[in-house]
Amino acid sequence: MTLLASLLLALALPVLPVHATTLGPGPGGTSVVRLDTVTGMLPGQTRAVQISPRVTAPAGTGIDAFLDRSRTPWMLYNAGVAPRFTPGLPESGKVFPVDVGSTLPHTQLVDQNGRLVDLASVAPGKVVLLAFIFTRCPDRDECPLLSAKFSELQRKLDPKHFHLVELTLDPPYDSPAVLRAYARQYGADPKMWTMLTGQGREVSHVLDRFGISSLEVSTAKFLHNDKVFLTAPDGKVADIVQTTQFSTGALAAQAEHLAGLASSPIGRIQLALVASAIALCGGSQFAGVVLLETMLFLLIAVVSFVALSLIARMLRRNA
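Residues numbered from 1 in each chain as written. Predicted model: local features only at pLDDT ≥ 70, side-chain atom pairs only at ≥ 80, totals over all residues. Heavy atoms only, no water.

1. Brief notes about the overall build of the protein
- Regarding its fold elements, the protein presents seven helices and 14 strands.
- Counting every position in the protein, which comprises 319 residues, the buried fraction comes to 45%.
- A fraction of 64% describes how many contacts in the protein between residues 6 or more apart in sequence connect residues 24 or more apart.
- A total accessible area of about 15900 Å² is found for the protein, and carbon and sulfur atoms account for 60% of it. (Helix = DSSP H or I, 4+ residues; strand = E, 2+ residues; numbered from the N terminus. Buried < 20%, exposed > 50% of the residue type's maximum accessible area, 1.4 Å probe, protein only. Contact = heavy atoms within 4.5 Å. Areas by Shrake-Rupley, 256 points an atom, 1.4 Å probe, with all protein chains shown as cover.)

Right, dumping it as structure tokens:
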């Protein structure tokens, strides 16, 4: 096969983020590794591969890499020593946290079509709405609800000005193929809606920077906090919504405001009230929404009482 043919074949293949465990040296300068399963794309297997850059480590060492199957033998490139991905609390003390005013970090991730994506330049010049999900989430009020709301936002917002991004919390399972099926489930247009996975070490670093926690309580079940980051067209984070309990109209209004477009001030106020109520309740979404609904109920009750009192007074005067 010619060099050009090899290059074209490599470009046609999706990028596969993989985790492998070294087993020892192989023939011809290769290393024998045990490759973990890439869901829906590659069965787990043991084979000799080239590793670039070369990793000098004892047998049993974990490696994160991208897999190039167009070569013989296969190659693990962008390789680095890393443990197998495990969910957990963010190690914010080891990173520069992303907050309002920060730019999105430069990191190599992989989208649902197997293409490398730099998170910092996923949609330059557009308002980006970034959230965190995992496709096996069994709670209909968590990830499926968020993705359904993103699906509605896709219909509400103009792709000329906006881009939606969801990053998995579960990279060992959420391969590009799994994300592609998940994207079809919600009617995601890849021109406006990017779903991301990646090497475990990269995803873990990103989750640390965004302050996202994910605790595994059983197989395929994670407890995690909910955040939606909104970046302005200049690439800087302009708002962080710490709940999924928002209306799509309210979030769309805030996004349109950041894009410099006409937007509903009532929607922006509603979003701010939800966020404030949740903050007062120590970050509890349920308690925050209950508090907000209670406050609105009391406000309506007070207004109704005042209105009825005025009507009753007017009726007495006219009697």
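2. Some details on the sheet that holds strand 13 (residues 228-231)
- The seven strands are arranged 7-6-10-9-8-13-14 in an open sheet whose pairing can be described as mixed. Sheet topology places strand 7 (116-118) and strand 14 (237-241) at the edges, where each strand pairs with a single neighbour. Adjacent strand axes in the sheet meet at a mean angle of 30°, parallel and antiparallel pairs treated alike.
- Bridging between strand 6 (residues 108-111) and strand 10 (residues 193-197) involves two bridges; their strand directions are antiparallel. Within strand 10, the residue paired with Asp-111 across the bridge is Leu-196.
- Each of strand 8 (127-133), strand 9 (162-168), strand 10 and strand 13 is contacted by helix 2 (residues 143-156), which is oriented at about 160° to strand 8, the strand it contacts most. (Pairing = 2+ DSSP bridges. Axes fitted to C-alpha atoms, helices over the stretch in contact; angles between N-to-C directions.)

3. Comments concerning the packing of aromatic side chains
- On inspection of all chains with the given rule, the structure shows seven aromatic pairs.
- Here Phe-132 and Phe-210 contribute two aromatic rings whose centre-to-centre distance is 5.5 Å and whose plane-to-plane angle is 55°, an arrangement assigned as tilted. Of this pair, Phe-132 sits in strand 8 while Phe-210 sits in helix 4 (residues 200-210); the two residues are 78 residues apart in sequence, bridging distant segments of the chain. Summarising the burial analysis for this pair, Phe-132 and Phe-210 share the class buried.
- Through a chain of ring-to-ring contacts, the aromatic side chains of Phe-132, Phe-210 and Phe-229 assemble into a single cluster. (Phe/Tyr/Trp six-rings, centres within 6.5 Å; stacked < 30°, edge-to-face > 60°.)

4. Looking at the pattern of salt bridges
- Counted under the stated rule, the structure contains five salt bridges.
- When the shortest N-O distance is used, the salt bridge between Glu-152 and Lys-156 registers 4.0 Å. Of this pair, Glu-152 and Lys-156 both sit in helix 2, separated by four residues, roughly a single helical turn. (Salt bridge = Lys/Arg side-chain N within 4 Å of Asp/Glu carboxyl O.)

5. Section: the pairing of strand 3 (residues 45-52)
- With five bridges joining them, strand 2 (residues 31-35) and strand 3 adopt antiparallel strand pairing. Among the inter-strand pairings, Ser-31 is bridged to a residue of strand 3, identified as Val-49.
- Note that strand 3 and strand 5 (residues 75-81) share three bridges and pair parallel. Bridge pairing in strand 5 places Ser-52 opposite Tyr-77.

6. Side note on helix 2
- The end-to-end C-alpha distance of helix 2, which contains 14 residues, comes to 20 Å, matching closely the 20 Å that a straight helix rising 1.5 Å per residue would cover.
- Along helix 2, the residues that are buried comprise Cys-143, Pro-144, Leu-146, Ser-147, Lys-149, Phe-150, Ser-151, Leu-153 and Gln-154. (Expected span 1.5 Å × (residues − 1).)

7. Focus: the nonpolar core
- With 55 residues, the main nonpolar core has Leu-129, Phe-132, Phe-150, Phe-210, Val-228 and Leu-251 as its most contacted residues.
- It is strand 8 that contributes the most residues to this core, seven residues altogether.
- Non-local contacts of Phe-132, meaning those with residues more than four positions away in its chain, are made with Leu-146, Leu-167, Leu-169, Leu-207, Phe-210, Ile-212, His-224, Lys-227 and Phe-229.
- Judged by nonpolar contacts, the second largest core, of 18 residues, contains Val-18, Val-38, Ala-65 and Trp-74. (Core = buried A, V, L, I, M, F, W, Y, C linked by side-chain atoms within 4.5 Å.)

8. Considering a nonpolar patch on the surface
- On the surface, Leu-89, Leu-215, Val-217 and Leu-223 cluster together into a nonpolar patch covering about 380 Å² of accessible area.
- Structurally, Val-217 can be placed in strand 11 (residues 214-218). (Patch = residues over 30% accessible without salt bridge, like charges linked within 9 Å, V, L, I, M, F, W, Y side chains within 5 Å.)

In short, shape yes, function no, at least from these values alone.
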